[in-house]
Structure formats: C-alpha cells, structure tokens
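Okay, here's what each chain looks like letter by letter:
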Amino acid sequence: MPAVSSMIQAIKDNSSPSVIALSLTAGAVVVVIYKAGSLVIRNLSSPLRNLPGPPNAHFFWGHARNIYNADHSVLQEQWVQEYGPTISYNGLMSVNTLWTMDTRALQHILTNTYTFQRPLHNRFHLARLAGPGVLVAEGDQHRNQRRILNPAFGPVAVRDVTDMFIEKSQLLRDRWLAEIAKSGETDAHIDAMPWLSKAALDMIGIAGFNYNFDALNPQEGRRELNDAFNTISISMHTPRLMAILQAFIPFLRVFKTEGEKKLAEAQKIMRRIGLQLVAEKKASVIAESEQGNIEKKKLLGRDMLTLLVKANMASDIPDSQRLDDDEVLAQFPTFVVAGHETTATATTWAIFSLTQHPDVQRKLRDELVSFPTDNPTMDELHALPYLDMVVKEVLRHHSVVPIGMRVATKDDVIPCSTPYTDRYGVLRDHIRVQKDDMIMIPILAMNRYKPYWGDDALEFRPERWEHPPEAIETVPGVYANMLSFLGGPRACIGYRFSLTEMKALLFTLIREFEFELDVAAERIKKRTAVVQRPILADDESEKKGEGKMPIVIRQYVRG
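Residues numbered from 1 in each chain as written. Predicted model: local features only at pLDDT ≥ 70, side-chain atom pairs only at ≥ 80, totals over all residues. Heavy atoms only, no water.

Novice: Hey, could you go over the nonpolar core for me, with residue numbers and the actual values?
Specialist: Of all hydrophobic cores here, the largest spans 142 residues; its most connected members are Trp176, Ile431 and Ile551. Among the elements that make up this core, the one with the highest residue count is helix α14 (residues 325–356) (11 residues). Setting aside its immediate chain neighbours within four residues, Ile431 contacts Leu48, Leu51, Thr86, Leu98, Thr100, Ala105, Asp412, Val413, Ile414, Cys416 and Tyr420. (Core = buried A, V, L, I, M, F, W, Y, C linked by side-chain atoms within 4.5 Å. Buried < 20%, exposed > 50% of the residue type's maximum accessible area, 1.4 Å probe, protein only. Helix = DSSP H or I, 4+ residues; strand = E, 2+ residues; numbered from the N terminus. Contact = heavy atoms within 4.5 Å.)

Novice: Hey, could you go over the packing of aromatic side chains for me, with residue numbers and the actual values?
Specialist: Evaluated as defined, the whole model comprises 19 aromatic pairs. Between the aromatic rings of Tyr449 and Tyr452, the centroid separation amounts to 5.1 Å while the plane-to-plane angle is 75 degrees, which identifies the pairing as edge-to-face. Across the pair, Tyr452 and Tyr449 agree in class, each one buried. Centroid distance Tyr479 to Phe485: 5.8 Å. Interplanar angle 75 degrees. Geometry classified as edge-to-face. Considered together, Tyr479 and Phe485 belong to a single accessibility category, that of buried residues. Members of the aromatic cluster, joined through ring pairs, are Phe153, Phe165, Phe209, Phe332, Phe335 and Phe497. In this structure, Lys198 packs its charged tip against the face of Trp195, placed 5.4 Å from the ring centre. Directly above the ring of Trp349 sits Lys526, whose terminal nitrogen or CZ lies 4.9 Å from the centroid. (Phe/Tyr/Trp six-rings, centres within 6.5 Å; stacked < 30°, edge-to-face > 60°. Lys NZ or Arg CZ within 6 Å of the ring centre and 35° of its normal.)

Novice: So what's going on with the pairing of strand β8 (residues 438–441)? Which residues, and what values?
Specialist: Burial of the side chains of β8 extends over both faces: Met438 and Met440 are buried on one face and Ile439 and Ile441 on the other. Bridging between strand β2 (residues 96–100) and β8 involves three bridges; their strand directions are parallel. In the sheet register, Leu98 faces β8, and the bridge partner there is Ile439. Across four bridges, the pairing between strand β5 (residues 404–408) and β8 is antiparallel. (Pairing = 2+ DSSP bridges.)

Novice: Got a sec to walk through the sheet that holds strand β4 (residues 187–191)? Specific residues and values, please.
Specialist: With antiparallel pairing, three strands are arranged side by side in an open sheet as β4-β12-β9. Every other strand in the sheet has two partners, leaving β4 and β9 (513–517) as the edge strands with one partner each. Strand-to-strand twist of the sheet, defined as the mean angle between neighbouring strand axes without regard to direction, takes the value 30 degrees. Pairing of β9 with strand β12 (residues 550–555), which is carried by five bridges, proceeds in the antiparallel orientation. In the strand pairing of β12, Leu517 is matched with Ile551. Strands β9 and β12 of the sheet are contacted by helix α20 (residues 495–512), whose axis makes an angle of about 90 degrees with β9. (Axes fitted to C-alpha atoms, helices over the stretch in contact; angles between N-to-C directions.)

Novice: Please set out the sheet that holds β2 residue by residue, giving values where relevant.
Specialist: Sheet strands pair by backbone hydrogen bonding; their relative direction is either parallel or antiparallel. Pairing in this open sheet of five strands is mixed, and the strands run β1-β2-β8-β5-β3 from one edge to the other. Each end of this open sheet is capped by a strand with a single partner; those strands are β1 (86–90) and β3 (116–117). Of the strand pairs in this sheet, β1 and β2 are connected by five bridges, and their pairing is antiparallel. In the sheet register, Thr86 faces β2, and the bridge partner there is Thr100. Running at roughly 110 degrees to β8, helix α5 (residues 103–111) makes contact with β2, β3, β5 and β8 of the sheet.

Novice: So what about the environment of Met502? Which residues, and what values?
Specialist: Structurally, Met502 can be placed in helix α20. As a C-alpha pair, Met502 and Ser169 span 333 residues in sequence and 9.6 Å in three-dimensional space.

Novice: Could you give me a rundown of helix α17 (residues 385–397), with the residues and numbers involved?
Specialist: Side chains three or four residues apart in an α-helix point the same way, a direct result of the helix having 3.6 residues per turn. Taking 1.5 Å per residue as the helical rise, α17 with its 13 residues ought to reach 18 Å, and the 18 Å between its terminal C-alpha atoms agrees with that figure. Counted residue by residue, α17 has 12 buried out of 13 residues, so it is predominantly covered. All buried positions along α17 are accounted for by Tyr386, Leu387, Asp388, Met389, Val390, Val391, Lys392, Glu393, Val394, Leu395, Arg396 and His397. (Expected span 1.5 Å × (residues − 1).)

Novice: Summarise α14; cite the residues concerned and give the values.
Specialist: The end-to-end C-alpha separation of α14 is 48 Å, in line with the 46 Å expected for 32 residues at 1.5 Å each. Most of α14 is tucked away: 26 of the 32 residues are buried. One side-chain oxygen at the N-terminal end of α14 lies 3.1 Å from the backbone nitrogen of Asp326; it belongs to Asp324. (Polar contact = N/O pair within 3.5 Å; in protein donor to acceptor, adjacent residues only side chain to side chain.)

Novice: How would you explain the confidence of the model for the protein if you had to name every residue and give the values?
Specialist: Averaged over the protein, the pLDDT score is 87; the fraction of residues at 70 or greater is 87%. The model gives residues 1–12 a pLDDT under 50, and that stretch makes nine contacts with residues more than four places away or in other chains. The low-confidence segment residues 294–300, where pLDDT is below 50, has 22 contacts with residues more than four positions distant or belonging to other chains. (pLDDT = per-residue confidence, 0-100.)

Novice: Account for the pairing of β5, naming residues and giving values.
Specialist: Across the five residues that make up β5, a large majority, four, are buried. Of the strand pairs in this sheet, β3 and β5 are connected by two bridges, and their pairing is antiparallel. From the neighbouring strand, Gln117 faces β5, where its bridge partner is Val407.

Novice: Could you give an account of a nonpolar patch on the surface, with specific residues and numbers?
Specialist: The grouping of Phe59, Phe60 and Trp61 at the surface amounts to a nonpolar patch, some 340 Å² of accessible area in total. Assignment of secondary structure puts Phe59 in the loop between α2 (17–45) and α3 (64–69). On the basis of relative accessible area, Phe59 is assigned to the exposed category, the value being 70%. (Patch = residues over 30% accessible without salt bridge, like charges linked within 9 Å, V, L, I, M, F, W, Y side chains within 5 Å. Areas by Shrake-Rupley, 256 points an atom, 1.4 Å probe, with all protein chains shown as cover. Salt bridge = Lys/Arg side-chain N within 4 Å of Asp/Glu carboxyl O.)

Novice: Now, about the side chain of Ser399: what can you tell me, with residues and values included?
Specialist: By the element assignment, Ser399 lies in the loop between α17 and β5. Not counting the four nearest positions on each side in its chain, Ser399 is found in contact with Val394, Ile443, Leu444, Asn447, Ser484 and Gln532.

Novice: Account for the pattern of salt bridges, naming residues and giving values.
Specialist: Summed over the entire model, instances satisfying the criterion amount to 24 salt bridges. Residue Glu393 pairs with Arg396 through a salt bridge whose shortest N-O separation is 2.9 Å. Note that Glu393 and Arg396 are positioned in helix α17 at a spacing of three residues, about one turn of the helix. There is no split in this pair, since Glu393 and Arg396 are both buried. One salt bridge in this structure joins Asp422 and Arg428, with 3.1 Å as the shortest N-O distance. Taking the relative accessible area as the measure of exposure, Asp422 reaches 8% and is therefore buried.

Here it is as structure tokens:
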C-alpha cells in the first residue's frame, strides 16, 4: 500500500485531472485482473473442490446471491441435508467455501487461531466500524491484547458493575412508564429496538469507561459522542457497494465517498474522546499508587477501561507484553460498537419471542416478581433458573451473529468425527484445505441442527434447557455448548458482560410490563450486516436498514 500511495501522489503532482483519472482507472483494472486471475488459479487447485455440495449457480455470483435472498443459513441447511454434514459451495466470484457441521472439525478450526484467521476483507470491514481492537487483531497481537484485557471481563469485574446495569435498566423502565402516562391510556405503542439500543449504550458507557452517554436522557445526553456512534451504527447496517469493493480491492480505499468521510469524522471524534479517557485513567492509576507501581494481582476498579489501563501498567507485566497507547485506545470503539450492538439486538429478540409465547412470558414473570428485591446481584440474576433458560434459548434460536468467517493462512488437514464421502465416492475422515481457502463457522445452523438439538430444534422452547441433549456436549462453544459466543482462544471475551446486561434488562422490564407485538408477526424479518437485527417489512425503515420492533406495553398489575 505505501508504494501504491506514492505512485498515486506522483501522478497527482505531475498530471492533469484527466490523466489522473485515466491512470487510476487503469491501475484499478490491472489490480482487478491480477486478483481475478489469482482467484481462478486458487479455486482450480483448491482441495475443497473435492467435497460434496451443490453445483455452482453462477460463474461470478456463485451461490452468494441466492444465500443473500434467503433467510440466513437456510440454503446451507438444505445442502447439509442433501449432501451431508461437510460440504463445499461457491461464494462470490465462485470462491470455494467450506461449511461443516462436524464438531471435531469446528473445534480444530476454532482452536488453531494462527492457522485459521479472519479474512483480510472481513477485518477491514470490522476495523472501519469498530476500530482495530481485539475484535480485529490476530496472532501474537491478539494474544497480548487478550491477556491484558482478561481481568476487565472476568466474573469479578462483571460482578462489580452489575448494579450499574440494574440502574440503567430501571431508568429504561421509568421511561416506558412515562410513555404510558403520556398516552393517556393503559398502554403505549413503542418501538423497542431504539429504546434498548439507548439503554445498552448507557450501560457500556458507564460500566466500560465511567462515561455517561445519557442516551436515555436526550435533553442531557452528550450529543457529540452519541452522534458519532449513530453514524457508525448506520454505516454498519447500510452496506454500500464501494465499501464492499474496498474490502476486497485495497487500491480503491484511496477514494472517499460521502459516507466514508462521515464515518472517518465519527472515528476521529471517538479517538479524541478515547484519548482523553485513557489519559484520565492513567493519571488516576498513578495517583492511586504511592510509587507509581501496580501489581496485576492487586487490581481494583470498576469500569473496564480503568482495569485495562491498570493491567497494562502493572509492574509485573513484561514490557514486550504491554499494549501501546494506540492498542489501548483501539479498544474504546470496539467496546462501544461490539458490546452495545449485540446486547441490544439479543434483548430485542428476547422481547419478540416473549410476545409470540405468552405462556413463556407469564411463567418468566411469575419467577421474577417473586424475587424479593428490585436490585439483584450478578449471582442472584444468574441463579434465576427460568430466566437463565429463556436467555439461553433466545441466544440459541436467534443467534445475533449467525456466521463467522475464517481463512486458512497455510495448508492444513482438519480431522472429522463423522466420515464423509467426497465427490469421487471416496470415504474421508479429514478435510484438506490450502492456503487462502475460505471457511464459514455455521453459528446459527449449529444452534438449530436437529441431530444435536432434536426434531424441535427450530422451535422456541426454553424448557429444553432443563435437560439439554447429550449430543450438544461436543459443540466447542464457550457458553452452554452453543456457538453464539464462538469458542477457543477467539471466543467472545465479553460474553459474561453481555449475559449479565441482558438478564438485568429482562429482569427489570418483565417484572413491570406485559408485552404484545404491535404488528403481524410475519412482518418481522431478519437482516444481517454485522449482527442479525429485526426489521419491519413494508415499512420505510426497511429501505434504510433500520432495526425495528413495534410492541404494545402495559404495566403489570400484581395481584
């Protein structure tokens, strides 16, 4: 890229605008032709071609267009039923793509993180939205970041901030009560998605950085950072052709669309505020220590950023393992974007599921209203059995992130627990991949795979968690034998944080309100960008890619 940038600058300095445009176009064409040729050669030599699977649907689109137009993972599930648990299909530009439901194979892929990493185009897309933090880092950089970050996401740290989650949940409860009072009726018609998004943003702000977004207090809210985050959120859920092309063709990243300029400005605001917060945390940590030295084992603190700064400044950490300021700063947008978006979306799907299953809603409310206080601790939240079952079932049935992407960084042999027959009739107990082969992690499909979950795998039934099927014990997930938070060294570092946020919200809201869906259930569809959000079909918001969940709320009257 530096050489390309230098070439571009030289052209700009010595040429007329028409020559510049022609030169850049010619350069782009050369890059595209080179990449396309390399891709064709790699596809023809890939051992994934030997796997069973559907015939290619189109020389350029492959099966990508059909997959996009179908509900997520449905086509792959049909192919698995027809061709077996380990298949290959063609992605965009006919790229051979591995899709396997074999738990031993998935464990190998998720565990060997130096061999199987996020593809470069996927990392580019995530970095432009969430910053170059732990979500994007790979190899030694990821390992070092994870080591420093771990204390901020452990059970002790989450326990310390649970009261903040409850406080923000109660603020959302009060806002909804105000909506009912404002309506002059016994109920109110609201869109749950933006309300839950604001609550989750407030939670991650105060618990993550001791920064109050005040998103639930629009008159008092800190507009600059809120607006920056909203710009990033809109970009996340509004895929643009240029952004997609730039992910695959780095040469095109020199061109900035209006959307890219707005996104860059939002990132600049987040960086400036992040630098200020990091500097404040450093000063506080030094002031707390009499000699300026802190041992990692003696860490105390509340918000994640303070714990991160303390861990990074600990005197018992080798200099080679410390994060530099840019790496520490990179976690700020990562925490905000990734941590907020997943929790808000999962809780929205939970409320939707409760509207569709009134018996579950009643049973859950009965458990929650019998709890003696409005302010449970983390341990008390996690000890509520039916709340735990409902949350697990929501994460299983509505996987917020439906797939993961990996690419092989070198040739490898992936072992299988279930042998398969290749296209030539040979029985195989392993999968051969070559460098740059694409692999999909079937998160949603694994979470509803009938051989593991039973014939009712597609149904929403929390009671299944009273006696989970033995077959799921081999699923290599970090939580509840599901892939919702993935598994291995790259499992979601904030899963405890997200679970506790979600339970705090549901605990507070279900105790206070009864919910009904305000539209026909058939109009609630799913759309996936980074996460799988609910959208309202035949609504203006659908064209903008905005998440929406219209519900009716009424205050629950205790007998």
